[in-house]
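# Structure assessment
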Amino acid sequence: LPPQPPGPQGFTGAKLVDDAAHPWRPLRRGDIRGPCPGLNTLASHGYLPRDGVVTPAQLIVAVQEGLNFDHQTARVATYLAHLGDGNLVTDLISIGEKTTRTGPDPPRPAIVGGLNNHGTFEGDGSLTRGDFFDGDNHSFNQTLFDQFIEFSNRYGNGFYNLTVAAELRFRRIQQSIATNPTFSMVGLRHITIYGEATFPVNFFVDGRRTGAQAGQLSIPDATSFFRDMRFPRGFFRSATAGGATGADILFNAHPIQPGRNVGGVNNFVEDQSLGGILEPCRFYTQFVNTTIRGLYPRPTGVLRRNLIINAGFLYDALSPPDCPQVFPWGQL
Ligand code: HEM
Ligand code: MG
């Protein structure tokens, strides 16, 4: 059976996470990294297996311990990722490219593509990664990071903060609408596109900073995480466990509804069918009934059992308000 999700941490304050037990090490041949600067950093410090092939339980422990994700955010992100990109039979997921190291694939149309897979979790308009359409949706992109710096200088006095995040988030969406004929921001991506832009503010700032310095990410520290996959030397994690606090501020600053380009660039058409940041219940329901069931239309045996269990872990973690659990593969 897939193990139950690990529990919350006992202590959730600031602490040294760049510690002797978790030294940064450069990549070895075959080590996998991907589109998430948080997970890349945790793997390069050994909070996650350094080869980048991990279990959901390891993800939950690592993001809580190393970067102070709260228990709910840790579980939600983990089971969304595992259902979309992981191997549900072996209980392994790649934090980057698809690999045989997650074990034998279930029958198509399952993908088991790892976090690099486009359209499950990974999506367009990332701050420091290009769009899939442009050829690389997972590597650090210096040109985009230069824009991150430019916006931090223009709107944040040289720091990335929520004001910068709101403007850069909007700019990246506009850029993708104007250049990517396949641009899509529906369902999960409508939620993560706003949520992820807050993470550098909430988690990449040293937890000892208080007052006016809280929530202000310096460019050297941002470079350390995004490019080098490394904690700044002597880094203390955030002083409180948290999640996507501030995502509503980013959305309300420039509210773009879920949607996609249809038939070419500059033709963004609203599409609420998979829900979005304002519709958590429709999002949950469609994610399980449409997105994941689309990958697993007729699972049998252990695969079916583990789908049901992992979808249950997701529902428990989300606990979407006034929203019934769905069972596209029946119940155990
Ligand atoms: C982006 C997965 C935890 C920070 C992403 C992306 C994925 C992902 C698939 C790419 C989405 C995209 O931009 O297209 C996960 C999973 C997590 C997790 C499954 C936990 C189980 C974290 C943590 C942090 C973090 C703990 C930092 C504290 C970020 C940031 C981005 C991102 C800042 C946006 C990168 C950009 O826009 O260039 N994550 N992540 N993530 N993640 Fe994570
Ligand atoms: Mg992306």
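Above this text you will find the structure in question.
Structure report, in brief. (Residues numbered from 1 in each chain as written. Chains lettered and ligands numbered in written order. Predicted model: local features only at pLDDT ≥ 70, side-chain atom pairs only at ≥ 80, totals over all residues. Heavy atoms only, no water.)

## Points about the sheet that holds strand E6 (residues 259–261)
Strand order across the open sheet formed by three strands is E4-E6-E7, with antiparallel pairing between neighbours. Unpaired on one side and paired on the other, strand E4 (184–185) and strand E7 (268–270) mark the two borders of the sheet. Looking at chain direction, E6 and E7 are connected through three bridges and run antiparallel. Note on E7: the bridge partner recorded for glycine 259 is glutamate 270. (Pairing = 2+ DSSP bridges. Helix = DSSP H or I, 4+ residues; strand = E, 2+ residues; numbered from the N terminus.)

## A word on the site of ligand 1
Of all residues adjacent to ligand 1, which total 25 residues, the nearest are Cys36, Gly123, Ser126, Leu127 and Thr128. A distance of 2.8 Å separates an oxygen atom of ligand 1 from a polar backbone atom of glycine 123. Here the shell around ligand 1 is built from residues that sort into 16 nonpolar, five polar and four charged. (Near = heavy atom within 4 Å. Polar contact = N/O pair within 3.5 Å; in protein donor to acceptor, adjacent residues only side chain to side chain. Nonpolar A, V, L, I, M, F, W, Y, C, P; charged D, E, K, R; others polar.)

## A short note on the environment of valine 265
Looking at the element boundaries, valine 265 is found in the loop between E6 and E7. Take valine 265: its relative accessible area is 37%, and that puts it in the partly exposed class. For valine 265 and tyrosine 315, which are 50 residues apart along the polypeptide, the C-alpha to C-alpha distance reads 36 Å. Leaving out residues up to four positions away in the same chain, valine 265 has contacts with Ile177, Ala178, Thr179, Asn180 and Pro181. (Buried < 20%, exposed > 50% of the residue type's maximum accessible area, 1.4 Å probe, protein only. Contact = heavy atoms within 4.5 Å.)

## Section: the coordination of the magnesium ion (ligand 2)
Around the magnesium ion (ligand 2), the protein supplies Glu122 (OE), Gly123 (O) and Ser126 (OG) as donor atoms, at distances of 2.0 to 2.1 Å. Within one chain, the residues serving as donors to the magnesium ion (ligand 2) are arranged as E-G-x2-S. Here glutamate 122 matches glycine 123 in class, with each residue buried. (Donors = N, O, S within 2.8 Å, 3.2 Å for Na, K, Ca; no water.)

## Describing the nonpolar core
By size, the foremost hydrophobic cluster in this structure holds 78 residues, and its most contacted members are Leu42, Tyr160, Phe287 and Tyr296. Looking at which element gives the most residues to this core, the answer is helix H11 (residues 301–318), with 10 residues. Among residues more than four places away in sequence, those in contact with tyrosine 160 are Leu127, Phe148, Ser152, Ala165, Leu168, Ala197, Pro200, Val201, Gly215, Gln216 and Leu217. (Core = buried A, V, L, I, M, F, W, Y, C linked by side-chain atoms within 4.5 Å.)

## Things to note about the coordination of the iron atom of ligand 1
By definition of the ideal shapes, a tetrahedral metal site with four donors has angles of 109.5 degrees and an octahedral site with six donors has angles of 90 or 180 degrees. Protein coordination of the iron atom of ligand 1 rests on one atom only, Cys36 (SG), at 2.3 Å. Within the secondary structure, cysteine 36 sits in the segment before helix H1 (37–44).

## Brief notes about the state of the cysteines
Taken as a whole and assessed by the stated rule, the structure comprises one disulfide. Sulfur-sulfur distance for the disulfide between cysteine 281 and cysteine 323 comes to 2.0 Å. Negative torsions about the S-S bond denote left-handed disulfides, and the value of about 80° found for cysteine 281 with cysteine 323 makes this one right-handed. Pair noted here: cysteine 281 is in helix H10 (residues 280–295) and cysteine 323 is in the segment after H11, with a separation of 42 residues, a long-range link. Under the relative-accessibility criterion, cysteine 281 is labelled partly exposed at 24%. (Disulfide = S-S within 2.5 Å.)

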